[in-house]
Amino acid sequence: MNTSADIAHTLVGLHAGMLAGEPRTDKLAAQDTQDGWDTEHAGVLQACRLLGFLEHDAQCVAQAWRRQSLRIGQFSMATWPTDPQDFGIATGPRSQAFAPCPHALGLYAVLPDAQWVGRMAQAGVKTLQLRFKSEDPDAIRQEVRLAVQAVRGTDALLFINDHWQVAIEEGAYGVHLGQEDMDDAPFETIRLAGLRLGLSTHGYAEMLRADAASPSYLALGAVFPTTLKRMATAPQGLTRLKAYAALMRHHPLVAIGGIDEARMSAVMQSGVGSVAVVRAITGASHPEQAARALQQLIEGRL
């Protein structure tokens, strides 16, 4: 009979593409069977740690794998769980869901000010986010107001990063919030105002937490290394992204983090319907031309 360690090492070999960050030594392995894990799923838990998953994510995967084993009637080491029901996710209609947005949001440009928002709206970018950083409430309101005005008469959908109250008052299409904002954000107020809600996620536990809020879309990242924001989690990579996209396929999904023209096609093959970029546009010598090329890659025309 295989031990949990044997199973863990077999799983690591089968699912090597899931490795992200530094593999973790398994100091908790001896406790797993004492905590109620059978040999097979204790092995899953160990494997997830060895693949660099944070402990709360490793626990999510092991629990899902156990439910998968019960559902299909056997323990399959080859089958990484991606069925929503195995993670306790309800995929049917939800009475408290946020207003829907297009399932394929296309190119999603994250921009620093209203002037950039206007440029990219005129260039035909489908989805825009104003990520304006300031401690001045008047400056924030002015920038949000100008950004909302800048997209009028275009097909662009405008999300405001963080500043939900001003977004409501100025009539934005939606709000994007990070995990750190979820504890204090008045979801009911935002939902009743009719705004769409996007939430950032960086792994299984955060995806499940965000899903429980029934947002309009989920952002998955960071896929690749990025210098724009200090991340608490390692870059997730394409193999994890594909598994995340399969699990959360009932949501519109936006991949984000270190994505440029060279990586666009591979990212789109993961199953997401949108890719968010920052420097691929704002750092380009010809931003409108860069935006057109990125959109063509997303639409499969290049």
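First things first, this report covers the structure right here in the doc. (Residues numbered from 1 in each chain as written. Predicted model: local features only at pLDDT ≥ 70, side-chain atom pairs only at ≥ 80, totals over all residues. Heavy atoms only, no water.)

Moving on: the pairing of strand E6 (residues 217-220). Residue alternation in E6 divides its side chains into two sets, Tyr217 and Ala219 and Leu218 and Leu220, and both sets are buried. For strand E5 (residues 196-201) and E6, the ladder comprises 4 bridges, and the chain directions are parallel. Among the inter-strand pairings, Leu199 is bridged to a residue of E6, identified as Leu218. For the crossover from E5 across helix H9 (residues 204-212) to E6, the handedness is right-handed. Note: E6 against strand E7 (residues 253-255), 3 bridges, orientation parallel. Its bridge partner being in E7, Ala219 is matched across the sheet by Val254. (Buried < 20%, exposed > 50% of the residue type's maximum accessible area, 1.4 Å probe, protein only. Helix = DSSP H or I, 4+ residues; strand = E, 2+ residues; numbered from the N terminus. Pairing = 2+ DSSP bridges. Right-handed = clockwise from strand over helix to strand, strands pointing away.)

For helix H11 (residues 261-268), the complete set of buried residues consists of Met264, Val267 and Met268. For H11, the arc enclosing every buried residue in end-on projection is 85 degrees, short of the 170-degree limit, so these residues lie on one face. Lining the buried residues of H11 we find helix H10 (237-247), E7, strand E8 (274-277) and helix H13 (287-298). (Arc of directions from axis to C-beta. Contact = heavy atoms within 4.5 Å.)

Quick look at the packing of aromatic side chains now. A complete count under the given rule lists 11 aromatic pairs for this structure. Measuring from centroid to centroid gives 6.4 Å for Trp65 and Phe75, while their planes differ by 45 degrees, and the two rings are tilted. On the criterion of sequence distance, the pair formed by Trp65 in helix H4 (residues 55-72) and Phe75 in the loop between H4 and strand E1 (106-111) is long-range, its members being 10 residues apart. Among the residues examined, Phe75 registers a relative accessible area of 24% and is labelled partly exposed. (Phe/Tyr/Trp six-rings, centres within 6.5 Å; stacked < 30°, edge-to-face > 60°.)

Looking now at the sheet that holds strand E2 (residues 127-130). Around the barrel, which closes on itself, the 8 strands sit in the order E1-E2-E3-E4-E5-E6-E7-E8 with parallel pairing between neighbours. Each strand axis lies, on average, 25 degrees off the axis of its neighbour in the sheet, ignoring direction. Most of the contacts of helix H5 (residues 114-122) go to E2, to which it runs at about 175 degrees, and overall it touches E1, E2 and strand E3 (157-161). (Axes fitted to C-alpha atoms, helices over the stretch in contact; angles between N-to-C directions.)

Of note, the amide linkage connecting Gly221 to Ala222 takes the cis form, showing an omega dihedral of -15 degrees. With respect to the helices, strands and loops of the structure, Ala222 is situated in the loop between E6 and H10. Positioned with a positive phi, Asp162 is a non-glycine residue whose angle comes to about 75 degrees. Mapped onto the elements, Asp162 comes out in the loop between E3 and helix H7 (164-170). Located in the positive-phi region is Ser214, a residue other than glycine, with phi close to 50 degrees. Counting through the fold element by element, Ser214 comes out in the loop between H9 and E6.

Let's shift gears to the environment of Asp38. Locating Asp38 in the fold gives a position in the loop between helix H2 (29-32) and helix H3 (39-50). The class of Asp38 is partly exposed, set by a relative accessible area of 29%. Sequence separation between Asp38 and Asp211 is 173 residues, and the spatial gap between their C-alpha atoms is 28 Å. Separated by 3.1 Å, the side chain of Asp38 and the backbone nitrogen of Glu40 make a polar contact. (Polar contact = N/O pair within 3.5 Å; in protein donor to acceptor, adjacent residues only side chain to side chain.)

Moving on, we get to the nonpolar core. Ranked by internal contacts, the top residues of the largest apolar core, which has 83 residues, are Trp80, Leu128 and Tyr204. With 6 residues, the single largest contributor to this core is H4. Residues within four places of Leu128 in sequence aside, it is in contact with Tyr108, Ala109, Leu111, Val117, Met120, Ala121, Val151, Ala156, Leu157, Leu158 and Phe159. (Core = buried A, V, L, I, M, F, W, Y, C linked by side-chain atoms within 4.5 Å.)

Bringing the environment of Val61 into the picture now. The residue Val61 is located in helix H4 in this model. For Val61, a relative accessible area of 0% puts it in the buried group. Along the backbone, Val61 and Ala205 are 144 residues apart, and their C-alpha atoms lie at a distance of 9.2 Å. Ignoring anything within four residues of it in the chain, the contact list for Val61 reads Val44, Cys48, Trp80, Pro81, Phe87 and Tyr204.

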